[in-house]
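Notes for the structure review
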Amino acid sequence: MKRLIFILVISSHSFADQIIEKFQAANSRYNDSDYIGAIQLYEQIVSEKWQSGYLYYNLGNSYFRAGMIGQSIWAYNKALKLSPRFDNIKYNLEIANTKIKDRVTLPPEFFFVDFYIKLKNYYTFFEWLFLCGLVVFLGAGFFMLSKVLILNSNVVRRLVLILLFSAFILHLIAFDIFLEDSKETHGIIIFDDVHAFSGPFQGESTRLFTINEGTRVSVLQNQGSWVEIVLLSGEKAWIPIEKIKVI
């Protein structure tokens, strides 16, 4: 058993070293302006299920430099999901979004709605769960101390109530993020001039409109090699599955 654990530990270290070497090699190719070579190495790391905001950020930069705008917007969105407070990702994503043809700009949200969305997206789902657990732990700790040490002051009671209320709010935010992630899937169109059809069969379906590279859509369902999407305007259509990447 000990030998098996040792082999697993050594293997994990070896695998991590290979990833680091490949990541550094990709960075070197990017610095040498070999953007296609960098993309190939970054994508190899992604295919090995390695998740990192910096990895997707560098991949997005390589896509952008190579003129693959849709791919870069997808990568930046993936990076932002993993590292929501990395300002460089937001800045580069905004620049990439300006390259979208016929870009649809939504009207600004109501102040409180906009504040809540920014607050919710400031941390990842697991970071919100950690905050929930931390606040509950602190509330329970102060409550136990008040009983053991007989600290029945108004200050302690109010502090416990504030912590419990904060925990309730944090749980609501985490639950909202969980519902949003489980209920709705988003994707980015990665090719230009993608034809959208009324059904998942090109020969028998009517062509409805054309979608530009970099457009963000909601994904409803898959059927064979086709996927049903919804635009921000509410229009539904079917496109070939290879034309889109899920965030």
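Residues numbered from 1 in each chain as written. Predicted model: local features only at pLDDT ≥ 70, side-chain atom pairs only at ≥ 80, totals over all residues. Heavy atoms only, no water.

**Regarding the packing of helix H3 (residues 53-65) against helix H5 (residues 87-97)**
Two elements in contact, H3 and H5, have axes separated by 11 Å at closest approach and are oriented at 30°. By the criterion of interaxial angle, the relationship of H3 to H5 is roughly parallel. Judged by the twist between their axes, the crossing of H3 over H5 is left-handed. For the pair H3 and H5, the contacting residues are Gly53, Tyr57, Asn61 and Phe64 in the first and Asn88, Ile89, Asn92, Ile95 and Ala96 in the second. (Axes fitted to C-alpha atoms, helices over the stretch in contact; angles between N-to-C directions. Helix = DSSP H or I, 4+ residues; strand = E, 2+ residues; numbered from the N terminus. Parallel < 35°, antiparallel > 145°, perpendicular 65-115°, else oblique. Left-handed = near helix turned anticlockwise from the far one by under 90°. Contact = heavy atoms within 4.5 Å.)

**Describing the confidence of the model for the protein chain**
Summing up the model confidence of the protein chain, the mean pLDDT is 85 and the portion of residues at 70 or higher is 88%. Long-range and interchain partners of residues 1-11, a stretch whose pLDDT sits below 50, account for zero contacts in this model, where long-range means more than four residues apart. (pLDDT = per-residue confidence, 0-100.)

**A short note on the nonpolar core**
With 26 residues, the main nonpolar core has Leu59, Ile73 and Trp74 as its most contacted residues. Where this core is concerned, the elements lending two or more residues are helix H1 (2-31), helix H2 (35-47), H3, helix H4 (69-82) and H5. (Core = buried A, V, L, I, M, F, W, Y, C linked by side-chain atoms within 4.5 Å. Buried < 20%, exposed > 50% of the residue type's maximum accessible area, 1.4 Å probe, protein only.)

**A closer look at the packing of helix H6 (residues 111-120) against helix H8 (residues 154-183)**
Running from N to C, H6 and H8 point in directions that differ by 85°, and their axes come no closer than 11 Å. For the element pair H6 / H8, the angle class is roughly perpendicular. Side by side, H6 and H8 meet where Tyr116, Leu119 and Lys120 of the first sit next to Ile173, Asp176, Ile177 and Glu180 of the second. Classifying every residue of the contact of H6 with H8 by side-chain character gives four nonpolar, no polar and three charged. (Nonpolar A, V, L, I, M, F, W, Y, C, P; charged D, E, K, R; others polar.)

**As for the packing of aromatic side chains**
Throughout the structure, instances matching the rule amount to eleven aromatic pairs. Between Tyr56 and Trp74 the ring centres are 5.8 Å apart and the planes differ by 85°, which places this aromatic pair in the edge-to-face class. Taken together, the positions of Tyr56 in helix H3 and Trp74 in helix H4 put the pair 18 residues apart, joining distant regions of the chain. Trp74 shares its class with Tyr56; the two are buried. With a centroid separation of 5.7 Å and an interplanar angle of 85°, the aromatic rings of Phe197 and Trp226 are classed as edge-to-face. Taken as a pair, Phe197 in strand S2 (residues 194-197) and Trp226 in strand S5 (residues 226-230) lie far apart in primary sequence, 29 residues in all. Here Phe197 and Trp226 have matching classes, each one buried. Members of the aromatic cluster, joined through ring pairs, are Tyr54, Tyr57, Tyr76 and Phe86. Taking NZ or CZ as reference, Arg85 lies 5.5 Å from the ring centre of Tyr122, over its face. For the cation-ring pair, Lys243 lies above Phe191, with the distance from its terminal atom to the ring centre recorded as 5.0 Å. (Phe/Tyr/Trp six-rings, centres within 6.5 Å; stacked < 30°, edge-to-face > 60°. Lys NZ or Arg CZ within 6 Å of the ring centre and 35° of its normal.)

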